[in-house]
Amino acid sequence: MFSEKLLEKFQENPVVVVLTGAGISAESGVPTFRGEDGLWKKFKPEELANFDAFIRNPEIVWEWYRYRQEIVRNIEPNPGHYALAELERMFPDFYLITQNVDGLHFRAGSQNPIELHGNIMRNRCLQCNKYFMEVDLQKEPVIPKCTECGGILRPDVVWFGEQLPQQALINAEKAINEANIFFSVGTSALVQPAASMPFWAKSSGAYLVEINIMETLLTPYVDEYLSGKSGEILPELIKQIKKT
Ligand code: NAD
Ligand code: ZN
């Protein structure tokens, strides 16, 4: 399944950078946006995940986030997440960049995932910027309020049209510049700037590997395409690395 070349690269103390997308969490039961189960009450994510929609109709946007927070609260990391946490323990120069907001990498033991799009379990006051982890949604009114200033809380995720967290982006770029091996895992490679990251890595000399159940726009450009579920391929990769 894996080329000799890839397995050899792991023997050379490489800088390993992994970019993950919704696909790595699919086996945990988190719906992807572009899959069939991505729709909620006939809304497209683009229609709900933006600031204008939130200001116009915070009830419906909060209802959607409550639904998604509830999903995340009730699921567990899968073998793909655990394998990446193990890779991090095996290689001192390992960086994990994720577009996911579900926090499952952290729960699987990854120490410092770079969260490009925030975290759905964290909330932030529109008025005073104070952060709140997991608001008690059973007790709160539909639109949770800040206990400090009474402002409206929003989920601390990056919405369409918003800037990515500056520091996350800086950390990601730094890692990518040094990458010897770069993995794109379970992402449709459509959302910027994550979609460009494999190309940055390749132009700074990294060996590019993609893991996905389907080919993507990135596939023609990778050095190695591994077709299948990340929860099966990643644990197998670790086995093979340990053997060689
Ligand atoms: P996407 O939904 O556009 O693409 C998911 C990709 O994963 C697809 O290419 C699909 O073929 C692949 N895939 C599905 N199951 C897989 C599996 N078991 N193993 C390997 N690959 C698999 O997701 P995206 O590229 O991450 O972009 C969507 C945006 O939506 C992101 O910005 C993200 O923040 C957000 N989002 C996050 C979550 C989450 O946190 N879990 C869930 C949905 C959407
Ligand atoms: Zn406040």
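Residues numbered from 1 in each chain as written. Chains lettered and ligands numbered in written order. Predicted model: local features only at pLDDT ≥ 70, side-chain atom pairs only at ≥ 80, totals over all residues. Heavy atoms only, no water.

**Notes on the coordination of the zinc ion (ligand 2)**
This is how it is decided: Distances decide who is a donor: an N, O or S atom must be within 2.8 Å of the metal, or within 3.2 Å for Na, K and Ca. Water is not included, so sites may look incomplete. Under the classification used here, a metal with four donors is tetrahedral if each angle lies between 85 and 135 degrees, square planar if opposite donors are over 155 degrees apart and the others between 65 and 115, a six-donor metal meeting that same test is octahedral, and anything else is irregular. Exposure categories follow from relative accessible area, calculated using a 1.4 Å probe and restricted to protein chains: below 20% of the type maximum is buried, above 50% is exposed, and the middle band is partly exposed.
Coordination of the zinc ion (ligand 2) by the protein comes from Cys125 (SG), Cys128 (SG), Cys146 (SG) and Cys149 (SG), over a distance range of 2.3 to 2.4 Å. Its four donor atoms give the zinc ion (ligand 2) angles of 98 to 116° at the centre, a pattern that matches the tetrahedral case. Mapped onto the sequence, the residues coordinating the zinc ion (ligand 2) show the spacing C-x2-C-x17-C-x2-C. On the accessibility criterion, Cys125 (0% relative accessible area) is buried.

**Things to note about the pattern of salt bridges**
Formally: What counts as a salt bridge is simple: a side-chain nitrogen of Lys or Arg found within 4 Å of a carboxyl oxygen of Asp or Glu. Where helices and strands are cited, they refer to DSSP runs of H or I of at least four residues and of E of at least two residues respectively, numbered from the N terminus.
Within this structure, the stated rule accounts for seven salt bridges. Residue Glu236 pairs with Lys239 through a salt bridge whose shortest N-O separation is 3.7 Å. Of the two residues, Glu236 and Lys239 both sit in helix H10 (residues 230–243), three residues apart, roughly one turn of that helix. We classify Glu236 as partly exposed; its relative accessible area is 26%. A single network of salt bridges, built from pairs that share partners, joins Arg122, Arg124 and Asp156.

**A word on unusual backbone geometry**
For the peptide bond that leads from Gln192 to Pro193, omega is 0°, which places it in the cis range. Along the polypeptide, Pro193 turns up in the loop between strand S7 (181–185) and helix H9 (197–203). Of note, Asn13 is a non-glycine position whose phi angle comes to about 50°, a positive value. Inspection of the secondary structure assignment puts Asn13 in the loop between helix H1 (4–9) and strand S1 (16–20). Positioned with a positive phi, Asn129 is a non-glycine residue whose angle comes to about 70°. Here Asn129 lies in the loop between strand S4 (118–125) and strand S5 (131–133).

By themselves, these are just geometric observations and shouldn't be taken as functional.
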